[in-house]
Amino acid sequence: MADMAQGLAALADKLVGQPQASGADVAEADCIAFLEGQFRIRRLRARHLPGLSLGEPAWDILLDLAVAHYWRRETSVTSLCIAADVPSTTALRWINGMTKEGLIVRRPCQRDGRRSFLGISPESYQAMLALAADALRTGDRVRARYQRSAAA
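None of the values given here were measured: they were computed from a predicted structure.

With that settled, the discussion passes to the overall build of the protein. If you tally the helices and strands in the protein, you get 6 helices and 3 strands. Going from N to C terminus, the protein has its helices and strands arranged as α-α-α-β-α-α-β-β-α. The 152 residues of the protein split such that 36% are buried. Residue pairs at least 24 apart in sequence account for 64% of intrachain contacts in the protein once pairs closer than 6 positions are excluded. With an accessible surface of roughly 9400 Å², the protein has 55% of that area assigned to carbon and sulfur atoms.

Set out below in structure tokens:
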């Protein structure tokens, strides 16, 4: 648990505590497409590298919630546990820790008081967009370098 708490604190510092690069030159939809692609690629790893455990539940949770936020979809606790791709008890520990760190927020269901929905915090969403924009720009620079190299 102490290791998980330290990991969450470090993740929160990285996503929320640092000044964000401007993503104004990259469209929000492009950033979300990148984040959704990252989520899908993580699932492909299991297909192509069976038996190799590369679980990162906090990252999967943030990816899933960022995409859900963009599409204005509510995310149930059960759905998020599935997205985390770890046992439910492990996912719930991560969800609770990430909620305490302010990375995600919990909202009660208006129709059923026994249920709640989870969402990405506004700060975490902006941080995920900035990360995606930086990653897309980096990918463009790397591709350009390889294209120049291939043309030479």
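Next comes the rest of the write-up.
All right, on to the side chain of Thr 75 then. Within the secondary structure layout, Thr 75 lies in strand S1 (residues 75–76). For Thr 75, a relative accessible area of 4% corresponds to the buried category.

One open sheet holds the 3 strands; their spatial order is S1-S3-S2, and the pairing between them is antiparallel. Because the sheet does not close on itself, it has two edges, and the strands there are S1 and strand S2 (104–108). In the sheet, S2 pairs with strand S3 (residues 116–120) via 5 bridges, with the strands oriented antiparallel. By the bridge assignment, Ile 104 is partnered in S3 with Ile 120.

With that out of the way, let us pick up the packing of aromatic side chains. Remark: the centre distance and the inter-plane angle together describe each pair of aromatic rings, the angle taken between the planes. Applying the stated criterion to the full structure yields 1 aromatic pair. Taken together, a centroid distance of 5.0 Å and an interplanar angle of 90 degrees make the contact between Tyr 70 and Trp 71 edge-to-face. Residue Tyr 70 is classed as partly exposed on the basis of its relative accessible area, which comes to 23%. Residue Trp 71 is classed as exposed on the basis of its relative accessible area of 52%.

For soluble globular proteins, nonpolar side chains are generally found buried alongside one another. One finds Leu 35, Ile 61 and Met 128 to be the most contacted residues of the largest nonpolar core, which totals 31 residues. Of all elements in the fold, only helix H2 (28–48), helix H3 (57–70), helix H4 (77–84), helix H5 (88–100), S3 and helix H6 (122–151) reach the threshold of two or more residues within this core. With 8 residues, the top contributor of residues to this core is H3. When neighbours within four sequence positions are excluded, Ile 61 is seen to be in contact with Leu 80, Ala 84, Ala 91, Trp 94, Ile 95, Met 98 and Ile 104.

Let us look at the packing of H3 against H5. Between H3 and H5, whose axes approach to 10 Å, the crossing angle comes to 65 degrees. In terms of orientation, H3 lies roughly perpendicular with respect to H5. Along this stretch, H3 crosses H5, giving a crossing that reads as right-handed. Note on element contacts: H5 touches H3 through Ala 91, Trp 94, Ile 95 and Met 98, opposite Pro 57, Ala 58, Ile 61 and Leu 62. Taken together, the residues of the contact of H3 with H5 break down into 8 nonpolar, no polar and no charged.

Along S3, 5 of the 5 residues are buried, which leaves the element largely enclosed by surrounding structure. Of the two faces of S3, both are covered, the one formed by Ser 116, Leu 118 and Ile 120 as well as the one formed by Phe 117 and Gly 119. Bridge count for S1 against S3 is 2 bridges, and the pairing is antiparallel. Within the sheet, the bridge partner assigned to Thr 75 lies in S3 and is Leu 118.

Definitions and limits used
- Residues numbered from 1 in each chain as written.
- Predicted model: local features only at pLDDT ≥ 70, side-chain atom pairs only at ≥ 80, totals over all residues.
- Heavy atoms only, no water.
- Helix = DSSP H or I, 4+ residues; strand = E, 2+ residues; numbered from the N terminus.
- Buried < 20%, exposed > 50% of the residue type's maximum accessible area, 1.4 Å probe, protein only.
- Contact = heavy atoms within 4.5 Å.
- Areas by Shrake-Rupley, 256 points an atom, 1.4 Å probe, with all protein chains shown as cover.
- Pairing = 2+ DSSP bridges.
- Phe/Tyr/Trp six-rings, centres within 6.5 Å; stacked < 30°, edge-to-face > 60°.
- Core = buried A, V, L, I, M, F, W, Y, C linked by side-chain atoms within 4.5 Å.
- Axes fitted to C-alpha atoms, helices over the stretch in contact; angles between N-to-C directions.
- Parallel < 35°, antiparallel > 145°, perpendicular 65-115°, else oblique.
- Left-handed = near helix turned anticlockwise from the far one by under 90°.
- Nonpolar A, V, L, I, M, F, W, Y, C, P; charged D, E, K, R; others polar.

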